[in-house]
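Per-entry structural report
The residues making up each chain are set out below.
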Amino acid sequence: MEKLKFFAFKTFSKYKKSTKESLKILFASGLIAGLSINPYAVSSPILDKVRNRIYGSSSSSFITSAIEKSGPSVVTIDTQRIIRKRRFPNESRIQLDPYFERIFGLRFPYELEQRIEEGQGSGFIFDDGLVITNAHVINNTQKLIVGLSDGRKFKGSVLGKDLLTDLAVIKLEGKGPWPKAILGDSDTIKVGDWAIAVGNPFGLENTVTLGIISNLNRNVSQLGIYDKKFDLIQTDAAINPGNSGGPLLNNLGEVIGINTLIRSGPGAGLSFAIPINKAKKIANDLIKTGKVIHPMIGISLLNEFNLEQNKINVKVGYVVPRSPAEKSGILKNDFILKIDQKTMNRSSDVVNAINNNGIKKNLNILIRRKNKILNIQVKPIDIRNLSSN
């Protein structure tokens, strides 16, 4: 019996010792595996560069620094619209047929039913008491309340709006001091640069998303938008509902764009902003005159790639009847080669040339029509006068 006890104790001690050794081996293996799997446990040159680019030598990121610079200028815009709808009295048994009413000139008794529709958007202060935002945020609004990040609220009035570029300027009714955003230069940004979208969606203060610049000069017609007139910055930084009108910042905290569109459906997740250089020019026009002049000659353009020449040719896709282009002799399927001696490489070059020319002087347009080269002079007009011309 004693031998049996001794054998059992010896066996247990041997088992206990082997188990401890196995656990040590297992722990060491797990530690090595964990270090190998966790990308932050082992330093690598690429990860170090990314960390240094974002955090630098401090524990806070460049995003924090950027928001501290321009974040206080971001405002919440609360809007109220009065919606009027025709409503027949409850005792009335008349069913209105609009065609019957129009033909016979009858006017049935009705009441105007009113309701208040509330909306919300973002914007930012760019000058003393002046806020820039999207035109669709404040369009047809009867009441504006602008909330600052420090809790102050002010009434606002629309100085001017331009639906074609989707921009508007609001004047705050009150006294400063005003936290102003730092405006950058959208002509210097490149694809791959950091992009920080800031806004106050649903009244939530300074919601921030991070991404990069994905594309420059994105034509809105490529997005299926034909009633607007601007090129956009494309970014993968998420622009949430209510962020419209808020700033798009670079890594230095400078405003490089104004958040305006979110792509839904195919390609969802793409966001777009109006370049700040374009917005500054529009804002100045709105402050001075309350409106913006958009020079047009009355043509639509196509970028047609020529395989033989291995280049893009700018083709006239449509000519508006009674427009300056039609009156000057420009025809559908003409190719625009030069404007004022400057070569046109794509349709955006033509649009920019017309915009820069204005409405007070003629453009000299060099055109290829089949095998003929023609020089045509045309004077642009404001787009608002295009239909009445």
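My aim in this report is to walk through the structure given alongside it, one point at a time.

Reading the values: rules and limits
Residue numbers restart at each chain and count upward from 1, following the sequence in its written direction. Totals for whole chains, interfaces and linings use all residues, but because this is a predicted model, local features are given only for residues with pLDDT of at least 70 and pairs of side-chain atoms are given and counted only at 80 or more. Calculated side-chain values reflect all of the structure's heavy atoms, with hydrogen atoms and water omitted. For Phe, Tyr and Trp, rings pair up if their centres lie within 6.5 Å, where Trp contributes its six-membered ring, and each pair is then called stacked (planes under 30 degrees apart), edge-to-face (over 60) or tilted (otherwise). Only runs of H or I of at least four residues qualify as helices and only runs of E of at least two qualify as strands under DSSP, and these elements are numbered from the N terminus. Burial classes follow relative accessibility: with a 1.4 Å probe on protein chains only, a residue under 20% of its type's maximum area counts as buried, one over 50% as exposed, and anything between as partly exposed. Placement of a positive charge over a ring is assigned whenever Lys NZ or Arg CZ falls within 6 Å of the ring centre and within 35 degrees of the normal to the ring plane. What is meant by a nonpolar core is a set of buried Ala, Val, Leu, Ile, Met, Phe, Trp, Tyr and Cys residues, joined one to another through side-chain atoms within 4.5 Å. The contact definition used throughout considers only heavy atoms, calling two residues in contact when any of these lie within 4.5 Å. At least two bridges found by DSSP between two strands are what make those strands a pair. The rule for a salt bridge is simple: a side-chain nitrogen of Lys or Arg has to be within 4 Å of a carboxyl oxygen of Asp or Glu.

Some thoughts on the packing of aromatic side chains
This model, assessed by the stated rule, comprises two aromatic pairs. Between Phe 62 and Trp 194 the ring centres are 5.2 Å apart and the planes differ by 45°, which places this aromatic pair in the tilted class. Of this pair, Phe 62 sits in helix H3 (residues 62–70) while Trp 194 sits in strand S7 (residues 194–199); the two residues are 132 residues apart in sequence, bridging distant segments of the chain. By relative accessible area, Phe 62 is classed as buried at 10%. For Trp 194, a relative accessible area of 24% corresponds to the partly exposed category. Sitting over the ring of Phe 335, Arg 368 keeps its end group 4.6 Å from the ring centre.

Observations concerning the nonpolar core
Grouped together as the largest cluster of nonpolar side chains are 26 residues, with contacts concentrated most on Phe 124, Phe 126, Ile 132, Leu 167, Ile 196 and Ile 258. If one sorts the elements of this core by residue count, helix H6 (residues 276–289) sits on top with five residues. Those residues in contact with Phe 126 that sit more than four places away from it in its chain are Val 131, Ile 132, Val 169, Lys 180, Leu 183, Ala 283 and Ile 287. Listed in part, the 18 residues of the second largest apolar core include Val 314, Ile 336, Met 344 and Ile 376.

Description of the pairing of strand S18 (residues 363–369)
Here strand S16 (residues 335–339) runs beside S18; their pairing, made up of four bridges, is antiparallel. Each residue of the ladder has a partner; that of Ile 336, found in S18, is Ile 367. Bridge analysis of S18 against strand S19 (residues 372–378) gives seven bridges, and the strand direction is antiparallel. Bridge assignment links Asn 364 to a residue of S19, and that residue is Gln 377. Between the antiparallel neighbours S18 and S19 lie two residues, among them Lys 370 with a positive phi of about 55°.

What to know about the pattern of salt bridges
Applying the stated criterion across every chain, the model contains seven salt bridges. Measuring nitrogen to oxygen at the nearest pair gives 2.9 Å for the salt bridge that ties Arg 152 to Asp 150. According to the relative accessible area criterion, Arg 152 is partly exposed, its value standing at 25%. Residues participating in the shared-partner salt-bridge network are Asp 162, Asp 382 and Arg 384.

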